[in-house]
Each structure stands twice: as structure tokens, then as C-alpha cells.
Amino acid sequence: YSFSYMGDYPKFGVWPDGYYMSSNRFSASGGYQGTGVTAFDRSAMISGDPNAQMITFNPSTGEGFVTMIPSDCDGTFPSAGTPNYFTYVKMGGSQHIGIYEFHTDWINPSNATFGNNVQLPVTPFTTMSGGIPQKNSSRYLDVLGDRIMYRVQYRKFNGYGAMVLNHSVNTGSGICGIRWYQLKNTGSGWSIYQQATYAPSDNLYRWMGSMAMDTAESRALGF
């Protein structure tokens, strides 16, 4: 596979009809060219087909977010024809979780679509823009607080689908904590089922998290 621009920060998701990828595109001179989203023909790739197709969109949203992450399914796959859900967090202004739907059509790729944007308002938060201090060093570590952290896990349950995601936030005292969300879709669209910020009352920085849930819908957060 080849691309017009370098794909920086690529993230993948496994779905029944494809492997889905997001990336931030940059030109040879380093100029930002926006977000790229791609689907690869999973069945063809597994069978070893050297002509396995890919479908790519370069959405121009104008929302100012950095990075979308495709949904990555664990356990039972959703029903055939279910779109992959590309998710992002809008940091400034009207803060929200945004979701785009990526529909593929490997028979007629020109029928594939990327759209149907849904915006779910969230409890207000403050972006963690400063770095993470290191012991015995004047250098700070990058928080990547402007984006959702990999991965956005999807699970299918009896009667609904669910996703979990997280990003780093300023807890209000310059200390970094983890804002996490669980989304649910019972058939009428996505909504935020629960959200919270994990930040115990100490001076420890918690950042660059990753979240998942098991078949009992128990959730675990690493950072």
C-alpha cells in the first residue's frame, strides 16, 4: 500500500469487514495535511490476496481536533454492515466526544462513505498542556493531552454495543489525571453511559492511559 503523505501516529482497529486505520498526514517538508482514515480488506488479506484493496478518506472537519481512533472489537463481532466508529475528543469551545461512521463496500468501493458525525457533550475538563516532570531532570515528557489515547475498545453485549476511551486532563492543580468514558448504543445511536476523572488526591501524575472492558463489562484502566 502507498500513500500520498506520510502517516504519523497510525492507530488500528479490527472489525468484521476490515482493518481500519487512522493517521495524521504530513508532507515531505513537515506540513500538516490533516487526518487520514483507511480501511483494508481484511478477508482478502487473510487469504493472501496480493490485490487486497484499501479505501481511504481524508476528511476535512474544521473542528480543530487532533487524531481520530477507529473502534477495535474484542469478542463477538457486531452484525454485518455495522460501520466502524472513528472517535475523537474536541478539546476547546464546545467540548464533546465525536464519532464518525466508516462504511465500506468491497464490491463497489465508490459506495463507501465516511460521515454521520455525532457529537456527545461531556462534563467540562481542562486540557493538560504542560509536560510531565522527571526526577533529577529539567526535561519534561509530552502528555499528548490533545487527543484520545489508543485504543477505543468496542464490545457487543446482549442488546447493545459499548465502547470505552480515555484522555489525559489537568485535574485543576497542574497534576495530570485520566478522564475516561463508557459509551453505549442500544440501537438508537450512541450516548455517554458514564464518565469520570481518575485522579486520587496525591501529587502523582497519571497519563497516557489505555482502557478496556471484559465480557462482564468490568473495566480496567492502565496508565
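Above this note sits the structure.
Residues numbered from 1 in each chain as written. Predicted model: local features only at pLDDT ≥ 70, side-chain atom pairs only at ≥ 80, totals over all residues. Heavy atoms only, no water.

Asker: Please set out the packing of aromatic side chains residue by residue, giving values where relevant.
Answerer: One pass over the full model with this rule turns up 19 aromatic pairs. With 6.1 Å between their ring centres and 90° between their planes, Trp 15 and Tyr 85 make a pair best called edge-to-face. Pair noted here: Trp 15 is in strand S1 (residues 6-15) and Tyr 85 is in strand S6 (residues 84-90), with a separation of 70 residues, a long-range link. Among the residues examined, Tyr 85 registers a relative accessible area of 7% and is labelled buried. Taken together, a centroid distance of 6.4 Å and an interplanar angle of 25° make the contact between Tyr 85 and Tyr 154 stacked. Remark: Tyr 154 occurs in strand S12 (residues 152-157) and Tyr 85 occurs in strand S6; sequence separation between them is 69 residues. Taken together through their ring pairs, the aromatic side chains of Tyr 20, Phe 57, Phe 86, Tyr 88, Tyr 100, Phe 102 and Phe 114 make up a single cluster. (Phe/Tyr/Trp six-rings, centres within 6.5 Å; stacked < 30°, edge-to-face > 60°. Helix = DSSP H or I, 4+ residues; strand = E, 2+ residues; numbered from the N terminus. Buried < 20%, exposed > 50% of the residue type's maximum accessible area, 1.4 Å probe, protein only.)

Asker: Give a detailed account of the pairing of strand S13 (residues 160-170), specifying residues and quantitative values.
Answerer: Of all the 11 residues making up S13, 9 are buried; the element is thus mostly covered by neighbouring parts of the structure. Summarising the sheet, strand S9 (residues 126-127) and S13 pair through 2 bridges and their orientation is antiparallel. Among the inter-strand pairings, Thr 126 is bridged to a residue of S13, identified as Asn 170. Bridging between S12 and S13 involves 5 bridges; their strand directions are antiparallel. When the sheet's bridge partners are listed, Phe 157 is paired in S13 with Tyr 160. The hairpin formed by S12 and S13 contains 2 residues between the paired strands, and Gly 159 there has a positive phi angle of roughly 95°. In the sheet, S13 pairs with strand S14 (residues 176-185) via 10 bridges, with the strands oriented antiparallel. In the strand pairing of S14, Val 164 is matched with Gln 182. (Pairing = 2+ DSSP bridges.)

Asker: Tell me about the sheet that holds strand S4 (residues 54-57), and please be specific about residues and values.
Answerer: If you trace the 4 strands from one edge of the open sheet to the other, you get S1-S2-S3-S4, paired in antiparallel fashion. The sheet is open, and its two borders are formed by S1 and S4, each paired with just one other strand. Each neighbouring strand pair of the sheet contributes to a mean axis angle of 20°, computed without reference to strand direction. Two strands pair when backbone bridges link them, and strand S3 (residues 32-40) and S4 are joined in this way by 4 bridges, in the antiparallel orientation. Within the sheet, the bridge partner assigned to Thr 38 lies in S4 and is Thr 56. (Axes fitted to C-alpha atoms, helices over the stretch in contact; angles between N-to-C directions.)

Asker: Tell me about the pattern of salt bridges, and name the residues and values.
Answerer: Under the definition given, this model contains 5 salt bridges. With a closest N to O distance of 2.7 Å, Asp 74 and Arg 151 form a salt bridge. With Asp 74 in the loop between strand S5 (69-73) and S6 and Arg 151 in the loop between strand S11 (140-141) and S12, the pair connects residues that are 77 residues apart, well separated along the chain. What makes Arg 151 buried here is its relative accessible area of 16%. Residues joined in a network through salt bridges with shared partners are Asp 72, Asp 74 and Arg 151. (Salt bridge = Lys/Arg side-chain N within 4 Å of Asp/Glu carboxyl O.)

Asker: Which residues make up the side chain of Gln 182, and what values go with them?
Answerer: Its location among the elements puts Gln 182 in strand S14. In contact with Gln 182, not counting residues within four places along its chain, are Ala 162, Met 163, Val 164, Ser 191, Ile 192, Tyr 193, Gln 194, Met 213, Glu 217 and Arg 219. (Contact = heavy atoms within 4.5 Å.)

Asker: Break down the environment of Thr 127 for me, with residues and values.
Answerer: Relative to the helices and strands, Thr 127 resides in strand S9. C-alpha separation for the pair Thr 127 and Asn 185, spaced 58 residues apart in sequence, amounts to 27 Å. Other than its neighbours up to four places away in sequence, Thr 127 contacts Met 91, Gly 145 and Asn 170.

Asker: Which residues make up the nonpolar core, and what values go with them?
Answerer: Among soluble globular proteins, nonpolar side chains are generally buried collectively. Counting residues in each nonpolar core, the largest one holds 33 residues, and the members touching the most others are Ile 97 and Leu 183. When residues of this core are traced back to their parent elements, those giving at least two are S3, S5, S6, strand S7 (96-103), strand S8 (113-121), S12, S13 and S14. Apart from the residues lying within four places of it in its own chain, the contact partners of Leu 183 are Ile 97, Ile 99, Leu 120, Gly 161, Ala 162, Met 163, Leu 165, Trp 190, Ser 191, Ile 192 and Tyr 193. The next biggest cluster of nonpolar side chains, apart from the first, holds 6 residues, and it includes Phe 157, Trp 180, Met 211 and Met 213. (Core = buried A, V, L, I, M, F, W, Y, C linked by side-chain atoms within 4.5 Å.)

Functional significance is not addressed by these values, which are geometric in nature.
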